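Chain residues, written in single-letter form:
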Amino acid sequence: MADTDDIDINEAPGTPRSAPLDYHEFPRPGKLEVRATKPLANSIDLTRAYSPGVAEACVEIARDRSNATRYTAKGNLVAVVSNGTAVLGLGDIGAQAAKPVMEGKAVLFKKFANIDCFDLEVNETDPKKLAEIVCALEPTFGAVNLEDIKAPDCFEVEEICRERMNIPVFHDDQHGTAIVVGAAATNALRVADKRFEDIKVVSTGGGAAGIACLDMLIMLGVKRENIWLCDLHGLVYEGREIDMNPKKAGFARETDLRTLDEVIDGADMFLGLSGANVLSPEMVSRMARRPIIFALANPVPEIFPDVARTAAPDAIIATGRSDYPNQVNNVLCFPFIFRGALDVGATDINDEMKLACISAMASLARTTTAAETAAVYKDEQLTFGADYLIPKPFDPRLTGIIATAVARAAMDSGVASRPIADLDAYRQELDSAVIRSALLMRPVFEAASKARRRVVFAEGESERVLRTANAMLEETTTVPILIGRPDVVNARLEAAGLSIRPGHDFELVNPEHDSRYRDYWQNYHRIMARQGVTPELARTIMRTNTTAIAAIMVHRGEADSMICGTFGQFSWHLRYVTQLLQEGTLNPVATVSMMILEDGPLFVSDTQVNHQPTSEQIAETVIGCARHIRRFGIEPKIALCSFSQFGNLDIDSGRRMRGALEILDARKPDFIYEGEMHLDAALDPEIRERLLPDSRLEGSANALVFANADAASAVRNILKTKADGLEVGPILMGMGNRAHVVTPSITSRGLLNMAALAGTPVAHYG
């Protein structure tokens, strides 16, 4: 075991050691906790969870061992096992010191793929004994992730476990690295216009990861005779005796050459999994044209990218570091390959599944970057090319795309014990788990797909809007129309790496020069002439006010709906919407926001339109809420919320709420509503039962209508900031779906959701 006094912790500049130590220690030590997934609040729960009810589950599992995945957490539980003999960057520090790394691995499983995980640090360095320990754990886990076990021991441990265990065993240091390298190499060769079967590969590092990467490159088409493997002792050649094992021997060359410097000439690809600065600029200059350099040693790579480019400006480079493009990071692979394997009950993670993972990952990098990913990496250029070969870890599409590809490969190759009948539905389910609004928005997107509506965005120069337009073209049939200056729009499309272009993929309305300008200002003047708007002011507004331009387009029938409000005050935008689109029965009644919480959606109204609504306005708001809640396939249960509770206070808000209740009772609507009541009574049926036993509301309300905007807005903001609520909205009710005014905090995903809502004809929801 290494002497900890000799361990050199290489920190990023300006990062004191106290920061990561405090992160691990406070507010409570470690990075994990165990939480119950079933209630344990009373004696009934206790008898079901433990004695005597638990015996029923035990009997079923004893009858059929596969029932363990039905009645226990096994099917979603992974063991991360290490003996701490090869911890990245630290070496042999022992099992106990490796625990923070293994806890971190468990956190990544949970964060990226919602897989539960126990980290197991084992004081055993004998590979056979370690394998015996791991094999004995099979009843507990659905899969095993081996981690940070030195080579060649790791090969032996994995081989024994895979032979004896009927669940996936995956040494991530080997195969996870190999898969990500395979995906990066696939796309690097595409950029360099080369083929696997033609390239010469020179590799440094004969450890577990290095050997696995070479094996993977061979599976992808590289010829074994074109691979030159070097380690600390130079080239691996036939007859060499020092530091050899069967895995290395498989790459031994019959040659008189002995060093990296001697074999690098003409190499198309350098694969480094060794140590700092082993590749010199002079060596790089002797590589083939457009060399591919994967310098993956951490924290100091075999060569830094800027140094490599002094010798080969056209080099395509990847590292293991997060501060350079193309970070080869195992987190791109292991959570998602395990997700797919667990979900089909795979008995192994085989080559077919690994290759499927590579193909899916490489293909994803070649598509347009997700808006959520761009928001996380806002200072980086995420357009496929030399500096973007593989996706980023926070790309929300990774789970659905990779896990589905892996699951399909497991089924096709015959290792799936629980095949999935509908893989498309499976992927939708995975996407819903990552993109929290996906499941609830599905009915809206389905309704929108049956119509072809035109939606105009007032702030068409915004990157969020541009990304939304791109997503609309990929995911919906709704036609985006953007208002913005062409030079600005084109520059921002280029900067964002979006391939869509005005005039081809979407209509662009230039406020500075449009052939309809005269018609627009004259239309606007006719509508507003007796409200103090002169011809000159009308001309100015139609040159400078994009919200007014969007409203005029909807008024003239050139668009079916408009979306505005990504900057500025809601009331300012609503003013122009009301001026130009309010007519007949169309008028802004209120807004409703769907807050997506951990335990389901909760609708909140009215945060924007009526600051102190009358009884009539409250009743209209309740009716509008019910109509819009049903758009999401949910039956409304609406609570009228006030400081007064079931008539106990003679105050203004109580009187208005009671008046609204009378109006609703007279109309006899076909949905559940109740009031007036406190918020806790609306959400907790036990509290409500004590106050009003014969309440018409059953269970918890799923919609809250407030007596004033201050209360509604406060609840909405608390749910967003303290309850991690995701907002869909605000949805403007009463305008026949002709206009929606969003808020400046909205994301591109939020705008896409609003576009889907705007893309649904009003007939779909009454």
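Structure shown above.
Computed from a predicted model, the values in this text were never measured in an experiment.

*Asks:* Tell me about the overall build of the chain, and please be specific about residues and values.
*Replies:* Counting secondary structure elements, the chain contains 31 helices and 21 strands. Principal axes of the C-alpha set define a box for the chain whose edges measure 95 × 75 × 50 Å. Here the chain holds 766 residues, and 53% of them are scored as buried. In the chain, of all internal contacts separated by at least 6 residues, the share reaching a separation of at least 24 is 70%. Taken as a whole, the chain presents about 34100 Å² of accessible surface, with 52% of it coming from carbon and sulfur. For the chain, the distance from the average site of its 80 positive side-chain charges to the average site of its 103 negative ones is 7 Å.

*Asks:* An account of the sheet that holds strand β11 (residues 454-457) is needed here, citing residue identities and associated values.
*Replies:* The 5 strands are arranged β13-β12-β11-β14-β21 in an open sheet whose pairing can be described as parallel. In this open sheet, the two edge strands, each paired with only one partner strand, are β13 (507-509) and β21 (739-741). Strand-to-strand twist of the sheet, defined as the mean angle between neighbouring strand axes without regard to direction, takes the value 20°. Taken together, the 3 bridges between β11 and strand β14 (residues 561-564) define a ladder with parallel strand orientation. From the neighbouring strand, Val455 faces β14, where its bridge partner is Ser561. Packed onto the sheet, helix α25 (residues 570-581) meets β14 and β21 and runs at close to 165° relative to β21.

*Asks:* Describe the nonpolar core, listing the residues and the values that go with them.
*Replies:* If you look at the biggest cluster of nonpolar residues, it comprises 105 residues, and the most contacted ones within it are Phe294 and Met361. In terms of residue count, the dominant contributor to this core is helix α8 (residues 172-192) (10 residues). Residues Leu482, Phe506, Ala590 and Met754 belong to the second largest nonpolar core, which totals 58 residues.

*Asks:* An account of the sheet that holds strand β20 (residues 726-733) is requested, with residue identities and associated values reported.
*Replies:* Ordered in space as β18-β17-β19-β16-β15-β20, the 6 strands form an open sheet in which the pairing is mixed. Each edge of the open sheet carries a strand with a single partner, namely β18 (672-677) and β20. Here the strands of the sheet are splayed against their neighbours by 20° on average, with no regard to which way each runs. Sheet topology places strand β17 (residues 637-641) next to β18; 5 bridges connect them, and they run parallel. Considered in β18, the bridge of Ile638 is made with Tyr673.

*Asks:* Now, about the packing of helix α9 (residues 208-220) against helix α15 (residues 351-365): what can you tell me, with residues and values included?
*Replies:* In the contact formed by α9 and α15, the axes pass within 12 Å of each other and the chain directions differ by 80°. In this view, α9 runs roughly perpendicular relative to α15, as classed from their interaxial angle. Between α9 and α15, the residues in contact are Met216, Met219 and Leu220 and Asp351, Lys354, Leu355 and Ile358, respectively. Here the residues of the contact of α9 with α15 are counted per class, giving 5 nonpolar, no polar and 2 charged.

*Asks:* Describe in detail a nonpolar patch on the surface, supporting the description with residues and values.
*Replies:* The grouping of Leu40, Leu46, Tyr50 and Val54 at the surface amounts to a nonpolar patch, some 420 Å² of accessible area in total. Secondary-structure assignment places Leu46 in helix α2 (residues 43-49).

*Asks:* Tell me what's going on with the pairing of β17, and back it up with residues and numbers.
*Replies:* Of all 5 residues making up β17, 4 are buried, and the element is well covered by its neighbours. Of the crossover connections in this fold, the one passing from β17 over helix α27 (residues 652-667) to the parallel β18 is right-handed. Two elements, β17 and strand β19 (residues 703-706), share 4 bridges in a ladder whose sense is parallel. Across the sheet, the residue bridging to Cys641 is Phe706, located in β19.

*Asks:* Before we move on, could you go through the pairing of strand β12 (residues 479-483) and cite the residues and values that matter?
*Replies:* Extensive coverage of β12 is indicated by the burial of 4 of its 5 residues. As paired elements, β11 and β12 share 4 bridges and run parallel to each other. Looking at the pairing, Val456 lines up with Ile481 of β12. Handedness of the crossover joining β11 and β12 through helix α20 (residues 463-475) is recorded here as right-handed. Taking the sense of rotation as the criterion, the β-α-β connection linking β12, helix α21 (residues 486-496) and β13 turns out right-handed.

*Asks:* Before we move on, could you go through the packing of α15 against helix α17 (residues 397-412) and cite the residues and values that matter?
*Replies:* In the contact formed by α15 and α17, the axes pass within 8 Å of each other and the chain directions differ by 150°. The angle between the axes of α15 and α17 places the two elements in the roughly antiparallel class. Here the hand of the crossing between α15 and α17 comes out right-handed. Between α15 and α17, the contacting residues are Glu352, Met353, Ala356, Cys357, Ala360, Met361 and Leu364 on the first element and Arg397, Leu398, Ile401, Ile402, Ala405, Val406, Ala409 and Ala410 on the second. The residue makeup of the contact of α15 with α17, split by class, is 13 nonpolar, no polar and 2 charged.

*Asks:* How would you summarise unusual backbone geometry if you had to cite specific residues and measurements?
*Replies:* Glycine aside, residues mostly have negative phi, and peptide bonds are mostly found in the trans state. Going from Phe26 to Pro27, the amide bond is cis rather than trans, its omega being -5°. By the secondary structure assignment, Pro27 is in the loop between α1 (18-25) and α2. Backbone torsion omega between Gly675 and Glu676 reads -15°, so that peptide bond is classified as cis. Position of Glu676 among the secondary structure elements: in strand β18. Not every positive phi belongs to a glycine, and Asn326 is a case in point at roughly 60°. Structurally, Asn326 is set in the loop between β10 (316-319) and α14 (334-343). Residue Asn326 is classed as buried on the basis of its relative accessible area, which comes to 4%. One non-glycine residue, Asp724, adopts positive backbone phi at about 55°. As for its position among the elements, Asp724 is in the loop between α30 (709-721) and β20. Of the residues examined, Asp724 reaches a relative accessible area of 53% and is grouped as exposed.

*Asks:* Break down the pattern of salt bridges for me, with residues and values.
*Replies:* Evaluation of the coordinates by the stated rule reveals 47 salt bridges. Here Glu33 ties to Arg28 by a salt bridge, and the two come within 3.0 Å at their closest N and O atoms. Using a relative accessible area of 42% as the deciding quantity, one classes Glu33 as partly exposed. Taking the shortest distance from any N to any O, the salt bridge between Glu147 and Lys105 comes out at 3.2 Å. With a gap of 42 residues between them, Glu147 in the loop between β3 (143-146) and α7 (153-164) and Lys105 in helix α5 (residues 99-113) connect regions that are remote in the sequence. One exposure class covers both Glu147 and Lys105, and it is buried. Members of the salt-bridge network, linked through shared partners, are Glu507, Asp514, Arg516, Arg556 and Glu558.

*Asks:* Break down the environment of Ser593 for me, with residues and values.
*Replies:* Mapping Ser593 onto the fold places it in strand β15 (residues 590-597). Along the sequence, Ser593 and Phe603 sit 10 residues apart, while their C-alpha atoms lie 5.5 Å from each other. Apart from the residues within four sequence positions on either side, Ser593 is in contact with Leu602, Phe603, Val604, Arg716, Glu727, Val728, Gly729 and Pro730. Reaching out from Ser593, the side chain makes a polar contact with the side chain of Glu727 at a distance of 2.6 Å.

Calculation rules
Residues numbered from 1 in each chain as written. Predicted model: local features only at pLDDT ≥ 70, side-chain atom pairs only at ≥ 80, totals over all residues. Heavy atoms only, no water. Helix = DSSP H or I, 4+ residues; strand = E, 2+ residues; numbered from the N terminus. Buried < 20%, exposed > 50% of the residue type's maximum accessible area, 1.4 Å probe, protein only. Contact = heavy atoms within 4.5 Å. Areas by Shrake-Rupley, 256 points an atom, 1.4 Å probe, with all protein chains shown as cover. Lys, Arg positive; Asp, Glu negative; His and termini not counted. Charge placed at Lys NZ, Arg CZ, Asp CG, Glu CD. Pairing = 2+ DSSP bridges. Axes fitted to C-alpha atoms, helices over the stretch in contact; angles between N-to-C directions. Core = buried A, V, L, I, M, F, W, Y, C linked by side-chain atoms within 4.5 Å. Parallel < 35°, antiparallel > 145°, perpendicular 65-115°, else oblique. Nonpolar A, V, L, I, M, F, W, Y, C, P; charged D, E, K, R; others polar. Patch = residues over 30% accessible without salt bridge, like charges linked within 9 Å, V, L, I, M, F, W, Y side chains within 5 Å. Salt bridge = Lys/Arg side-chain N within 4 Å of Asp/Glu carboxyl O. Right-handed = clockwise from strand over helix to strand, strands pointing away. Left-handed = near helix turned anticlockwise from the far one by under 90°. Polar contact = N/O pair within 3.5 Å; in protein donor to acceptor, adjacent residues only side chain to side chain.

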